[in-house]
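Geometric and topological summary
Read off the chains here:
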Amino acid sequence: MMYQLPSNNPSKTISIPTELRDSLSCLDIVWSNIFETVDSKINPDRARQYEVDFLQGAPPTWSNFDKSASLQLVERDGFKDLIQLIEEKREKSCLITDVSLQYQPGSGGSTLAMQVLWHFRKDLRCARVIDSDTKKLSKQVVDLFLLSNEEHAEQDRKTVLLLLDTKEKMDNDLPIKNDLWENLIEEIHKRDINTQTPVVIILNCSTADFSLNDTMILDSKLSEEEIRQFKEKLLQQIRVQRKSQWKVTTINLLYHKDSSGSAVVREVLQDLREEFTCEILTEPFTTEITENKEEFKKEIEDKANKLHRKYETHKKPVVLLLDHKDDKSLRYLLKNLQSKLQRSDRTDHPAFIIINAVKKSVVRAPGHVKLKLELLPDEKEKFAQKRQEIEKKHKKISKTFHAFNIMQGSFQKEDAEKVITEEMINHIGNDKQSSSTRLLSFLALMNSYVPGSHLLKPLCKTFIEQTKWPTDEGKPSVEMIMQPFMDLIVIFSDGKQNFMRLKHPMIADACLKMFTENNLTRSDIALDFLNSMVKGNESNYGQICKRMLVTRPYGLIKKQKFSRLILDIIMEGKTNKCISLLEMALNLFSTDPFYPQALARLYYIEVMEEDKYQEAEKWAEEAIKRDSKKSHIRDTLGQVYKNHLRSEVKKSCLDINTCLDIAQSAIDAFKHEAEAAEHELDDDTRFNNRGHFGFLQVCKEIKSSEPLEQSEQKLLEAEVESKYDFFEWYLAFSRLSYNTEEPDYFHRDVEDCYKRYFKQAEQTERMALNEKKMKSFGGLLHFLKSDIDVLKKNLSAIKKLQSKNETQTILYIFANIILSQSDEPSEKSQELQDRLQKLWSTEVHGRSPEFYLLILLLFWSDQAKKAKPKPPNLENCVKYMSQSYKRTYQKYLHGRYLEPLFFYGKGEGLQRLVHALKPHQHSLQRPVHSKLDKTDLDLLTEGDGSVEVKCLQRINGKVEDHKVFAVRNGQQIPVIAHNQASVCRRGQVSFYLGFTIRGPVAYNIRYQNCQSVLIKSLKPTKVGEPRYLGPATVIAVTGTGVLTDYQPQWIHASRIKHCPTGEQSSSNSKTESQKGIHLTA
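Residues numbered from 1 in each chain as written. Predicted model: local features only at pLDDT ≥ 70, side-chain atom pairs only at ≥ 80, totals over all residues. Heavy atoms only, no water.

Some words on the packing of aromatic side chains
Our working definition: Working definition: a ring pair exists when centres of Phe, Tyr or Trp rings (six-membered ring for Trp) sit within 6.5 Å. Plane angles under 30 degrees give stacked, over 60 give edge-to-face, the rest tilted. Comment: elements are numbered from the N terminus, with helices defined as DSSP H or I runs of at least four residues and strands as E runs of at least two. Here the term buried applies to any residue with accessible area under 20% of the maximum for its type, exposed to any over 50%, and partly exposed to those in between, with areas from a 1.4 Å probe on protein chains only. For a Lys NZ or an Arg CZ to count as sitting over a ring, it must be within 6 Å of the ring centre and within 35 degrees of the ring normal.
Scanning the entire structure with this criterion turns up 40 aromatic pairs. Aromatic pair Y724 and Y754: ring centres 4.7 Å apart, planes at 35°, arrangement tilted. Of this pair, Y724 sits in helix α28 (residues 710-733) while Y754 is found in helix α29 (residues 744-758), placing the two residues 30 residues apart along the sequence. Accessibility expressed as a relative area gives 7% for Y754, which makes it buried. Its guanidinium or amino end placed over the ring of F562, R601 lies 5.4 Å from that ring's centre, counting from NZ or CZ.

Some remarks on the sheet that holds strand β8 (residues 213-218)
To keep things clear, this is the line we draw: Strand pairing is assigned whenever DSSP identifies at least 2 bridges connecting the two strands. For helices, the fitted line uses only the C-alpha atoms of the stretch in contact; every axis is such a line through C-alpha atoms, and the angle between N-to-C directions lies from 0 to 180 degrees. Should any heavy atoms of two residues lie within 4.5 Å, those residues are considered in contact.
Spatially, β8-β9-β12-β11-β10 is the arrangement adopted by the five strands of the open sheet, whose pairing is parallel. Only two strands of the sheet have a single neighbouring strand rather than two, namely β8 and β10 (277-282). Sheet twist, expressed as the mean angle between neighbouring strand axes with direction ignored, is 15°. Bridge count between strand β11 (residues 318-324) and strand β12 (residues 352-360): seven bridges; the pairing is parallel. For L322, the partnering residue across the bridge sits in β12 and is N356. Sheet strands touched by helix α7 (residues 224-242): β8, β9 (248-256) and β12. Its angle to β8, the strand with the most contacts, is close to 170°.

Some details on helix α35 (residues 849-859)
Burial within α35 is extensive, with eleven of its eleven residues counted as buried. Of the residues making up α35, those classed as buried are P849, E850, F851, Y852, L853, L854, I855, L856, L857, L858 and F859.

Observations regarding the sheet that holds strand β4 (residues 96-103)
With mixed pairing, the six strands of this open sheet are ordered in space as β3-β5-β6-β7-β4-β13. This sheet does not close on itself; its edge strands, each paired only once, are β3 (27-30) and β13 (368-371). This sheet shows a mean twist of 20° between the axes of neighbouring strands, independent of strand direction. The sheet contact formed by strand β5 (residues 125-129) and strand β6 (residues 160-165) spans four bridges and is parallel. Looking at β6, one finds that A127 is bridged to L162. Sitting on the sheet, helix α3 (residues 78-90) is in contact with β4, β6, β7 (200-207) and β13, with an inclination near 170° to β4. Across the sheet, helix α6 (residues 176-190) lies against β4, β6 and β7, angled at about 165° from β4, the strand it touches most.

Quick notes on the environment of H978
Secondary-structure assignment places H978 in the loop between β23 (971-977) and β24 (987-996). Given the relative accessible area of 24%, H978 is considered partly exposed. Along the chain, H978 and T941 lie 37 residues apart, while their C-alpha atoms are 8.0 Å from each other. Among residues more than four places away in sequence, those in contact with H978 are Y897, L940, T941, G943, V1001, A1002 and Y1003.

Quick look at the packing of helix α15 (residues 435-449) against helix α21 (residues 564-571)
Note the cut-off: If an angle is under 35 degrees, it is roughly parallel; if it is over 145, roughly antiparallel; if it lies from 65 to 115, roughly perpendicular; otherwise it is oblique. Under the convention adopted here, Pro, Cys and the residues Ala, Val, Leu, Ile, Met, Phe, Trp and Tyr are nonpolar, Asp, Glu, Lys and Arg are charged, and Gly plus all remaining residues are polar.
Two numbers describe how α15 lies on α21: the axes approach to 10 Å, and their chain directions differ by 110°. One element, α15, and the other, α21, form an angle in the roughly perpendicular class. Taken together, the residues of α21 that come into contact with α15 (itself represented by L445, S448 and Y449) are R564, L565 and D568. Looking at the contact of α15 with α21 residue by residue, the class counts come to three nonpolar, one polar and two charged.

So, the pairing of strand β16 (residues 498-502)
Extensive coverage of β16 is indicated by the burial of four of its five residues. Sheet topology places strand β14 (residues 455-456) next to β16; two bridges connect them, and they run antiparallel. Bridge pairing in β16 links L456 to F499. Strand direction decides the pairing type here: strand β15 (residues 489-493) and β16, joined by five bridges, are antiparallel. Each residue of the ladder has a partner; that of F492, found in β16, is F499.

Some words on the pattern of salt bridges
Filter applied, for reference: By convention in these notes, a salt bridge is any Lys or Arg side-chain nitrogen within 4 Å of a carboxyl oxygen on Asp or Glu.
Tallied over the entire structure, the rule returns 63 salt bridges. Across the pair R128 and D28 runs a salt bridge whose closest N-O atoms are separated by 2.8 Å. Of the two residues, R128 sits in strand β5 while D28 sits in strand β3, which places them 100 residues apart along the sequence. One salt bridge connects E721 with K772, and the closest N-O pair in it is separated by 2.9 Å. Residue E721 is located in helix α28, and its partner K772 is located in helix α30 (residues 765-773); the two are separated by 51 residues in the primary sequence. Residue class for E721 comes out partly exposed when judged on its relative accessible area of 28%. With relative accessibility at 9%, the residue K772 sits in the buried group. Within this structure, K700, R748, D749, D752, K755 and E765 form a network of salt bridges that share partners.

Remarks on the nonpolar core
Where we set the bar: We call a set of buried Ala, Val, Leu, Ile, Met, Phe, Trp, Tyr and Cys residues a nonpolar core when their side-chain atoms join them within 4.5 Å.
Grouped together as the largest cluster of nonpolar side chains are 265 residues, with contacts concentrated most on L203 and L549. Among the elements that make up this core, the one with the highest residue count is α28 (ten residues). What L549 contacts, discounting residues up to four positions off in sequence, is L530, S563, L565, I566, L581, L582, A585 and Y595.

What to know about the pairing of β4
Burial within β4 is extensive, with seven of its eight residues counted as buried. In this sheet, β7 lies alongside β4 in parallel orientation, the contact comprising eight bridges. Residue pairing in the sheet places Q102 in a bridge with S206 of β7. Pairing between β4 and β13: four bridges, direction parallel. For S100, the partnering residue across the bridge sits in β13 and is H368.

Examining the packing of α35 against helix α37 (residues 874-888)
Inclusion rule: Helix crossings fall into two classes, left-handed where the near helix is turned counterclockwise from the far one by less than a right angle and right-handed where it is turned clockwise.
Running from N to C, α35 and α37 cross one another at 150°; their axes reach a closest spacing of 8 Å. By the angle class used here, α35 and α37 are roughly antiparallel. As for the relative orientation of α35 and α37, their crossing is left-handed in sense. Contact residues: P849, Y852, L853, I855, L856 and F859 in α35; L874, C877, V878, Y880, M881, S884, Y885 and T888 in α37. Partitioned by chemical class, the residues of the contact of α35 with α37 number twelve nonpolar, two polar and no charged.

Concerning the confidence of the model for the protein
Selection criterion: Confidence of the predictor in every single residue is expressed as pLDDT, which spans 0 to 100.
Taken over all residues, the pLDDT of the protein has a mean of 87, while the share at 70 or more is 90%. Contacts from residues 1061-1081, a stretch scored under 50 in pLDDT, to residues over four places away or in other chains number 54 contacts.

Considering unusual backbone geometry
Phi at K221 takes a positive value of approximately 55°, unusual for a residue other than glycine. In this structure, K221 sits in the loop between β8 and α7. Note on K221: relative accessible area 81%, which makes it exposed. Of note, K395 is a non-glycine position whose phi angle comes to about 55°, a positive value.

Some points on helix α20 (residues 538-549)
Quick reminder of the rule: Each helix should span, by expectation, one fewer than its residue count multiplied by 1.5 Å. Note that the arc is computed from the directions linking the helix axis to the C-beta atoms.
Counted at 1.5 Å a residue, the expected span for α20 with its twelve residues is 16 Å, but the 14 Å between its end C-alpha atoms falls short. Buried within α20 are the following residues: Y541, I544, C545, M548 and L549. Buried residues of α20 fall within an arc of 115° about the axis and therefore sit on the same side. Exposed residues on α20 whose side chains face more than 90 degrees from its buried face are S539 and Q543.

Below you can see the structure in the form of structure tokens.
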């Protein structure tokens, strides 16, 4: 077969040389002519078998999408949405973009993603990732885009649509997409690719638990049809959560202030009153936590008690609509409800489904598609029609198509349970120790807790052969042994090996339920699985065992304490079985530190015996022995001691010496963790702050429980202050990600610890803390978010000190900049510039990032340059700031989102600066509200290229060698691109300018309008072939040459012609080919 892909020329395809094709080993490419040539057509019998396997529950193969050989697959609701999103993304001016598909296991997510690739195979270069080595993968993706590598130099560029559907994560626990994105950018820069359209669109598939939580958007100005569709999707989500076993679930509804908002939800609830207990609370909380913590707790408790009584009375799920302006209080209500339900019996439905409706001034249409275990009405009709076609073609065998039939029935538990026959139940009841029963139990456990996983058929054969048979001759096959259950199982091949799994995850859940009803518990099955299947074959089951026993899923508020399987066994009251499981696993995987770490956590969190902390300590130390360099492994030992300390402090007969000994062990453990965190830093590692944080928590605990000796207090004070100083700038300059901040307790514990050690007798705790914050750059930023009056009152104290102290001068200048953001009087910008310029003139190199930040804030405007003789050189300032940031902060802030502290606005003097910090919610003091609307800020930081921000000034700049420069008074000042993928070619740009502690940042980069041209081909053309290639975008021109994004080389002007709007590269008009392009020297 001659393999072909779409060409840059839309009227052509291009044949791929064998050596280039063989080099793309990380990719499963969907060839544009697949199954269309004589030698690539599938044998009808084989195609029929592929179809049967797929309908029964095997993973899809490309042959399932070939309409000439198979029935056309049903397109679920998300198909058209994905097509539309990709069509929009392919017109975007960027290097890389992505579309997200989130799906519940068993809902057809992988199939839908492959359907989309199949749809685009003749229009884009479509491929699926089959090897997650991101360095190698990124090179091959760029090769596919260029159709060129070292051996094959000629280029033909076309956007790659890349399907990334992997459950793996990197060692740093970040999704593979993050790492792939960075490597793709690096590879594109290395090849010096300039382009007007994306090199690659990543179709990023990931599993999501919509049965626990989902977010829905309701925009304004929707038609009646769109409102009807929204109601259907809300009802779909409620039904998805109705099927779950979570005790509390949430639906976050963000609705536009001009939309019908919660009224739509109320209409849906009206229709659900027979099935659910429906409650509506408008602005449910009258007390803020900052006003009166005890009163707030009492109000939450009263609300939770009232709701809990409703549930206990009716024994039906309560659907609760919370309609309010702010969702801050929701987490406290959730925790309270969860604690009340913690020890209640397991049910087949949640007690509470909470619809958390929050009004927004702007909402964005979601850039992703969700696939759920519930069909919409239109989908139900499509599947009903398809079932008729399938029954007509496959007759009786269609009854075994359980994967399709469960989907067609809208994923009802009853349909999955019905496929388990009475004969199967009797077989299990009569022979629990048979190979068939045990093998089915292994499949049920795996497919329930790790959906999509499978067993290698040869290993199943080996397991069966361990059973004694009357003779060695004629040992039965796997299929013969599993005959009682073969209706539940699908056997399939990837072309190299054969695999077995159950036909649908819901069948696995039903089987597991059947086993527990027959007194075969999850823990019994898991122990048997480890002992009989994993032992001796550890390399084949490493990922499955880790996901079953170690990986902690996210809950509503934070990560769960243990894996789903361990949590379920604990719920059965069998913590000792969990211990046995983890002990067996840590012996099988004898070098893996995560199993002893999980066991240590199990002991100190769940076990009730007296010696629990000694056992936890033993296993935490075993984990460290297995990997002493990994700081996160070391953290567990510190947590064991910290929790032991808290346990001792609560005892009525407090032994202070015992407490101090435990505290010292905890402090030592956290110090060792912090040292390991320092040593493990490299380009791919995010700094682990838990050693510093754990140290402060322990110090807070011992100071709270018993007064310390003067000498002991002094020993700790210096380290407490040092750790506090670290978190002061760490939390002021950065956060976890652009949309995720540290949890509330993080700030609270850091500040509480400092106050307990440094509060003087005549001070309140708040006074002690404010006094400390006045002494640091990060601390001063705090007053923008909390109380500007504190800064106003204390400014004179800084002013007195600053005349003799350079550090105080910098703080004084910054304090005035902060005051200028409010209506409070501050020193004029010229006076502040004089102070700063004097420091600049004495020493330029080696200063702090904060110093260079002030230079940029005060001297960026044109007026500052005109007003001062020899103002600071901003090109040099940015260079020195970058060097200083690398020395001071980079290793700690790598991988975190750097907060934009200020943006460049439209005012005069200091009023040009627009701060970008969000006030503390419910602050009782006087925070400074930014001129920058919160919604605009969110859109800027999310990378929305279309947002227009009225209070900000756009800056002119340029892009060269994939680097962004601000062009100002003849200077080219390097700035950091907020979204590196948006820097896709050379040219003139404009952007909004923000300032982080790393330097100036370009947000919302836009290229200025460029000419499109066609390029005359140098190759002889046959009759009917186009003479011109393109269209291409002009990047730069000289008197005789043109540089375009089509190729990195300059092109002589004689080969260029204008590309009129809508013209394609296939244009062959004689008159048009004579047109030229205006060139300037």
